[in-house]
Amino acid sequence: MAISLDKLTGFHSRAMQVRTDSMEVISGNLANANTPGYKARGVDFQKAMQSANQDRQQNMTRTHEKHFEGAMQSQASIEFRVPLQPDTGDGNTVEVQAERNAFLENGMRYQASIQFLNGKIKGMKKALAGGQGG
């Protein structure tokens with residue numbers, strides 16, 4: 001019986017890619033916090049995961065590991081954020097504290113995915129070793 005690593009880790013590996021993309025967007029927002037007219041952006045996690053699942057279903061086989069890889073896989077799910085506070089007059093919509101909170105939350109969720117994947121891999125190693133540890 002063949003072992004499918006995609007079935008074992010698929011959701012969490014895609015989630016980690018979306019979280020990585022989100023970190024890049026949040027970092028860009030923080031870097032432009034003082035740029036007049038800059039509009040804060042965010043990654044819609046649900047849309048990005050739906051898109052990743054659709055892409056995976058459409059591209060079930062690849063002949064080379066880089067054929068379907070893109071710079072930012074969740075590009076379609078990047079949207080402008082609606083600010084919670086009124087404009088300060090320069091047109092910038094970055095709310096530094098909200099971005100920092102989003103960065104921390106995203107980082108914790110990324111770490112949780114890593115821990116979950118770690119558990120899956122340990123279980124796989126144990127199964128391959130015949131249940132004698134790993």
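Rules used in this analysis
- Residues numbered from 1 in each chain as written.
- Predicted model: local features only at pLDDT ≥ 70, side-chain atom pairs only at ≥ 80, totals over all residues.
- Heavy atoms only, no water.
- Helix = DSSP H or I, 4+ residues; strand = E, 2+ residues; numbered from the N terminus.
- Expected span 1.5 Å × (residues − 1).
- Buried < 20%, exposed > 50% of the residue type's maximum accessible area, 1.4 Å probe, protein only.
- Core = buried A, V, L, I, M, F, W, Y, C linked by side-chain atoms within 4.5 Å.
- Contact = heavy atoms within 4.5 Å.
- Lys, Arg positive; Asp, Glu negative; His and termini not counted.
- Salt bridge = Lys/Arg side-chain N within 4 Å of Asp/Glu carboxyl O.
- pLDDT = per-residue confidence, 0-100.
- Polar contact = N/O pair within 3.5 Å; in protein donor to acceptor, adjacent residues only side chain to side chain.

## Observations regarding helix 3 (residues 96-128)
Phase 1: End to end, helix 3 covers 47 Å across 33 residues, agreeing with the expected 48 Å (1.5 Å per residue, within 8%).
Phase 2: Of all the positions in helix 3, only Glu99, Ala102, Asn106, Ser113, Leu117 and Met124 are classed as buried.
Phase 3: Phi for Gly130, located one or two positions after helix 3, is positive at around 80 degrees.

## Remarks on the nonpolar core
Phase 1: In terms of nonpolar packing, the biggest core is built from 7 residues, these being Ala15, Val18, Val25, Val43, Ala48, Met49 and Ile78.
Phase 2: Of all elements in the fold, only helix 1 (5-31) and helix 2 (45-58) reach the threshold of two or more residues within this core.
Phase 3: A per-element tally of this core places helix 1 first, with 3 residues.
Phase 4: When residues no more than four places from it in sequence are discounted, the contact partners of Val18 are Val43, Phe45, Ala48 and Met49.

## Here's the deal with the side chain of Arg19
Phase 1: Among the structural elements, Arg19 can be located in helix 1.
Phase 2: The buried charged residue Arg19 lacks any salt bridge, with Glu105 as its nearest oppositely charged partner at 6.2 Å.
Phase 3: Excluding its chain neighbours within four sequence positions, the residues that come into contact with Arg19 are Phe45, Asn106, Arg109 and Tyr110.

## A look at the pattern of salt bridges
Phase 1: Enumeration according to the criterion identifies 3 salt bridges in this entry.
Phase 2: Salt-bridge contacts for Glu79 lead to Lys47; the nearest nitrogen and oxygen are separated by 2.6 Å. Placement of Glu79 in strand 2 (residues 78-80) and of Lys47 in helix 2 is noted, with a sequence separation of 32 residues between them.
Phase 3: The partner of Arg109 in a salt bridge is Glu105, and the shortest N-O contact between them spans 3.0 Å. Residue Arg109 and its partner Glu105 are both found in helix 3; the two are separated by 4 residues, about one turn of the helix.
Phase 4: What makes Arg109 partly exposed here is its relative accessible area of 43%.
Phase 5: A relative accessible area of 39% means that Glu105 is categorised as partly exposed.

## Structural notes on the environment of Arg14
Phase 1: Structurally, Arg14 can be placed in helix 1.
Phase 2: Remark: the alpha-carbon pair of Arg14 and Ser113, spanning 99 residues in sequence, is separated by 9.9 Å.

## Focus on the confidence of the model for the chain
Phase 1: Looking at the chain as a whole, its pLDDT mean stands at 82, while 76% of the residues score no less than 70.
Phase 2: Between the elements of the chain, mean pLDDT differs from a low of 75, seen in helix 2, to a high of 94, seen in strand 1 (residues 41-43).

## Remarks on the side chain of Thr93
Phase 1: The residue Thr93 is located in the loop between strand 2 and helix 3 in this model.
Phase 2: Within polar-contact distance, the side chain of Thr93 engages the backbone nitrogen of Ala40 at 2.7 Å.
Phase 3: Once you skip the residues sitting within four places of it in the chain, Thr93 turns out to touch Tyr38, Lys39, Ala40 and Pro83.

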